[in-house]
Each structure stands twice: as C-alpha cells, then as structure tokens.
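A structural walkthrough
Chain by chain, the residues:
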Amino acid sequence: MTKPVIITNDEQRLRESMSFAEPSIPERISADSEIVENGLAKLVLSIIELVRRLLEKQALRRMDGGNLSEEDIESLGRALMKLEEKMDEMKRTFGLSDEDLNLSLGPIRTIE
Amino acid sequence: MKSIAIGVHLRREDIEPLADAVPVAGLYLSAIAVADDQSLSDRDLLVRVTSTRAALLDRATFVAIRYGFSFRAGAEAEAKCAPQAARWKALLEEHRHRVEFTLKVAAPGSARPDRHDFKSGADYIRALHDARDATSIPASFREKVESAIVPIAVRHRWVRRDTTSVELAGLIERELLPRLAEAGESLKMTAPDVPFLLSAPWPLEVFAEE
C-alpha cells in the first residue's frame, strides 16, 4: 500500500486555527437551574454559528462558479445578512458574545 | 439496498473486488451497498467508505465523488454522471499515474466586512468574497513552498476556501511521493512558525473541477 504523506509542523496550532475548537462546546452542562439555560444556549448557538459559516462558505463557492444571476447573488447575500442578524439577536437574548462562542478572529482563530 | 458512490474509474478491474463497479457512460463508478435505512452519517459506514477509498486509490487514480451521493439503480447513477463522463475520461487517461496532494496553511486572515455597512445583499456577498480572496500567507513561506514543493508538481493551484487558511493543491506523479515527503520535512525545519499540514495521496478532486 502507498505510504501516506502526512506532515505538519504544529498540529495543535493548526487544529486550533482551522477547526471548531472544543472549548466552545462545554463538556458538561451544569444542572444548576440558573446557568443551565445559558450553557445550553451556548452549545446550541455554537453549532448554529458553525452551520451559518458553512452556508456562507458554500455561497461563496457558488459565486466562484460564475453562473449565478444578479438576482441569485442578491438573494444569497440577503439570506446571509439575515442569518447574521438572527445570530446577533440570539446572542443578545442569551447574553453571549463571540468570545463565549469562541468565535473571535484573533491571531489564532478558533472556528472553521 | 442502496449504493454509496465513492469515485469514477477508468477500468472495472481498478474497482473489483474492493467495491461494486457500476458502468456509467463508458466509465465505472465504485460504490458500496448499504441497507436502505442506513444513515449516511453512521460512523462505521464513514470508516468503511474511507478505508475502501484509500484501497481503491492505491490501485489507480480516480475522480472523487463527494460523500453523500447514493443511488438505487445504475440508471440513476448514469444520469447523474453522463454529462461529465467525457471530461472525466480524458482526465483519468491523462492523470492515471498521478495523485493530488494538498498543503493547507493557516493564514492571518483578512478583515471581515460588517453587514451594517451594506444595503444590498449582492454588495455584501461580493465584499465577503473579496475578503476571502484577500486571505494570504506570509510571502517568505510561500516562496519556500514555491521552491521546495511546486517544482515536484505537474500542476498546482493556490486555493482560498475561507479566511482562515490558504491551500496549495497539486498533482504529482505517484513515484514522486517520497520526494514530496522529503520536501515537507524540509519545510517543517525551515518554516516552523507557519502552521501547515501536507497530505497525500488524494484522488482527483481539485483538478477534476471545471
């Protein structure tokens, strides 16, 4: 069998940079009634944000194809704006920030 | 039963008995049969498809089919593949002894446009598109890649899929995989500060896109 080539110089940083970081999904949801809602919201919103970013990526890929009409492009763009708006609303509702969802885009980014 | 497609191959003997060979427009689709109620997200199925994919690639290069295409009858698969068949056949003949490799490099990222600055959806998505395309990696790292890895490749293409990474996809002769590994090890020593992952071999995917 052909020997696979898998070479990385900093797997941990690469993983942190490109993947959905584990800290954004709590290992356990606290049973404390006052914080259980926030913990669940954090978990659910993190997953919704991941899906939103996948949709955005797919929309940009469709743009690359070059066969979308101006109407399609407008419609896709509006859908992405609306999705972001809804995410912001939900974050406000549950008092969560991008940092809570581990979405900050610092030098070592934490999502995608 | 339904079948999960894996790839499109030039010859039947490239597939059997590792997987089922389904004739499609002069080529052969590799597939594995699963129960109708089997979920495509089942872990065991994913592992089975991945290992079959690797075993098939070890035999001969094929055009990868994105995971998730399932069909019940050969005619259904034929209808889906026929429009691409002539192009795939030419690619498979040209690249039979070549495989793809990919070098994924973490990028510092570019500024994300703020949706509040836009009234038009089209303008917003174009700004997102531009931000993605502005993603770049350090010039010195790119130069090292261009001198160590690109010369081994028959073809190469820098690909931007998001704002967090830039990817070099390349086509390489199978026999040069050990040289690719050496180049990767050398890059590891000379560029420790830019996180990267070099992996190979892969079936035709980036170079099978239109």
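Each value, and the rule that gives it
In this convention, every chain numbers its residues from 1, walking through the sequence in written order. Think of it this way: whatever chain is written first is A, whatever ligand is written first is 1, and the rest follow in order. With pLDDT at 70 or above as the cut-off, local features in this predicted model cover only qualifying residues; side-chain atom pairs require 80 or more to be listed or tallied, and sums for whole chains, interfaces and linings still use all residues. Processing note: side-chain calculations cover all non-hydrogen atoms of the structure and skip hydrogens and water entirely. Helix numbering and strand numbering both begin at the N terminus, where a helix is a DSSP run of H or I of at least 4 residues and a strand a DSSP run of E of at least 2. Relative accessibility under 20% of the residue-type maximum defines a buried residue, over 50% an exposed one, and the middle range a partly exposed one, all with a 1.4 Å probe and only protein chains included. Residue contacts follow a heavy-atom distance rule, with two residues in contact if any of their heavy atoms lie within 4.5 Å. Surface accessibility in these figures is a Shrake-Rupley result with a 1.4 Å probe; residues are shielded only by whichever protein chains are displayed. Among buried residues, the Ala, Val, Leu, Ile, Met, Phe, Trp, Tyr and Cys ones that are joined through side-chain atoms within 4.5 Å form a nonpolar core. Those domain boundaries reflect an automatic or database domain assignment. Side-chain rings of Phe, Tyr and Trp (the six-membered ring for Trp) are treated as a pair once their centres are within 6.5 Å; stacked means planes under 30 degrees apart, edge-to-face means over 60, and tilted covers the remaining angles. The term buried area means the drop in 1.4 Å probe accessible area that two parts suffer when joined, counted for both and summed. Salt bridges are identified by distance alone: a Lys or Arg side-chain nitrogen within 4 Å of an Asp or Glu carboxyl oxygen. Counting of polar contacts relies on pairs of N or O atoms within 3.5 Å, with two restrictions inside protein: one atom must be capable of donating a hydrogen and the other of accepting it, and residues adjacent in sequence are counted only when both atoms are side-chain atoms. Nonpolar residues are Ala, Val, Leu, Ile, Met, Phe, Trp, Tyr, Cys and Pro. Charged residues are Asp, Glu, Lys and Arg, and all others, Gly as well, are polar. At least two bridges found by DSSP between two strands are what make those strands a pair. For helices, the axis comes from a line fit to the C-alpha atoms of the stretch in contact; other axes are also lines fit to C-alpha atoms, and the angle between any two N-to-C directions lies between 0 and 180 degrees. Each angle is binned into one of four classes, with values under 35 degrees roughly parallel, values over 145 roughly antiparallel, values of 65 to 115 roughly perpendicular, and all other values oblique. The hand of a helix crossing depends on one turn: near helix anticlockwise from the far one by less than a right angle means left-handed, and clockwise means right-handed. Without a salt bridge and with relative accessible area above 30%, a residue can belong to a patch; like charges are then joined within 9 Å and nonpolar side chains (Val, Leu, Ile, Met, Phe, Trp, Tyr) within 5 Å.

So, the overall build of chain B
Looking only at helices and strands, chain B has five helices and nine strands in total. N-terminal to C-terminal, the α/β element order of chain B is β-β-β-α-β-β-α-β-α-α-β-β-α-β. Within chain B, the fraction of its 210 residues that count as buried is 49%. Within chain B, contacts between residues separated by at least 24 positions form 72% of all contacts whose residues are at least 6 apart in sequence. Split by element, the accessible area of chain B, about 9,800 Å² in all, is 52% carbon and sulfur.

Notes on the nonpolar core
All names here are of chain B. In this structure, Phe101, Leu103, Phe141, Ile149 and Leu198 are the most contacted members of the largest nonpolar core, which totals 39 residues. Split by domain, the residues of this core number at least three in each of domain 1 (2–83) and domain 2 (98–208). For Phe101, the contacting residues outside a window of four places in its chain are Ile149, Ala153, Leu168, Ala169, Gly170, Leu171, Ile172, Leu180, Leu198, Ser199, Ala200 and Trp202. In this structure, Leu10, Val63, Ile65 and Ala85 belong to the second largest nonpolar core, which totals 25 residues.

Regarding the packing of aromatic side chains
Residue and element names in this part refer to chain B. Under the criterion given, the structure shown has three aromatic pairs over all chains. Between Phe69 and Phe71 the ring centres are 5.6 Å apart and the planes differ by 35°, which places this aromatic pair in the tilted class. You'll find Phe69 and Phe71 in the same group, each marked buried. Ring centres 5.5 Å apart and planes at 55° place the aromatic pair Phe118 and Tyr124 in the tilted group. Classification of Phe118 by relative accessible area gives partly exposed; the value is 22%. On the basis of relative accessible area, Tyr124 is assigned to the buried category, the value being 0%.

What to know about the interface of chain A and chain B
Each partner contributes to the interface: chain A provides 35 residues, whereas chain B provides 46 residues. Across the chain A/chain B interface, buried area totals approximately 3,600 Å², and carbon plus sulfur atoms make up 55% of it. If you sort the residues of chain A by the area they bury against chain B, A:Val5, A:Ile7 and A:Asn9 come out on top, with a joint share of 20%. Where chain A meets chain B, there are seven salt bridges. Inspection of the chain A/chain B interface yields 17 residue pairs in polar contact (both at pLDDT 80 or more). Counting residues per element, the ones that place at least two in the side of chain A that touches chain B are strand S1 (5–8), helix H1 (11–18), helix H2 (33–65) and helix H3 (70–93) of chain A. It is H3(A) that contributes the most residues to the side of chain A that touches chain B, eleven residues altogether. Classifying every residue of the side of chain A that touches chain B by side-chain character gives 15 nonpolar, five polar and 15 charged.

Describing the pattern of salt bridges
Summed over all chains, the structure comprises 24 salt bridges over all chains. Note that A:Glu74 and A:Arg78 form a salt bridge whose closest N and O atoms lie 3.1 Å from each other. With A:Glu74 and A:Arg78 both in helix H3, this residue pair falls four residues apart, about one helical turn. Measuring nitrogen to oxygen at the nearest pair gives 3.5 Å for the salt bridge that ties A:Glu89 to A:Lys86. Taken as a pair, A:Glu89 and A:Lys86 lie in helix H3 at a separation of three residues, close to a single helical turn. Taking relative accessible area as the criterion, A:Glu89 reaches 31% and is therefore assigned partly exposed. Here the salt bridges share partners, and the residues they tie into one network are A:Glu49, A:Arg52, A:Arg53, A:Glu56, A:Glu84, A:Asp88, A:Lys91, B:Arg112 and B:Arg115.

Considering the sheet that holds strand S7 (residues 155–159) of chain B
Two strands in a sheet stick together by hydrogen bonds in their backbones, pointing the same way (parallel) or opposite ways (antiparallel). Taken together, the five strands give an open sheet; going across it, the order is S1(A)-S9(B)-S6(B)-S8(B)-S7(B), and neighbouring strands pair in antiparallel fashion. Where the open sheet ends on each side, the last strands, each with one partner, are S1 of chain A together with S7 of chain B. Strand-to-strand twist of the sheet, defined as the mean angle between neighbouring strand axes without regard to direction, takes the value 15°. In the packing of helix H4 (residues 139–148) of chain B onto the sheet, the strands contacted are strand S6 (98–106), S7, strand S8 (165–173) and strand S9 (196–202) of chain B, and the crossing angle to S7(B) comes to about 160°.

Some thoughts on the packing of H4(B) against helix H5 (residues 177–190) of chain B
How two helices sit against one another is set out by the angle between their axes and by the gap between those axes. All names here are of chain B. H5 packs onto H4 with a crossing angle of 155° between their chain directions and a minimal axis gap of 10 Å. Between H4 and H5, the angle is such that the two are roughly antiparallel. The two elements H4 and H5 meet at a crossing, and its hand is right-handed. Contact residues: Phe141, Lys144, Val145 and Ala148 in H4; Ala183, Leu187 and Thr190 in H5.

Things to note about a nonpolar patch on the surface
Residue and element names in this part refer to chain A. A contiguous nonpolar surface patch, about 310 Å² in accessible area, is contributed by Ile47, Val51, Leu55 and Leu83. Sorting elements by how many residues they give to the nonpolar patch places H2 first, with three residues. Counting through the fold element by element, Leu83 comes out in helix H3. Using a relative accessible area of 32% as the deciding quantity, one classes Leu83 as partly exposed.

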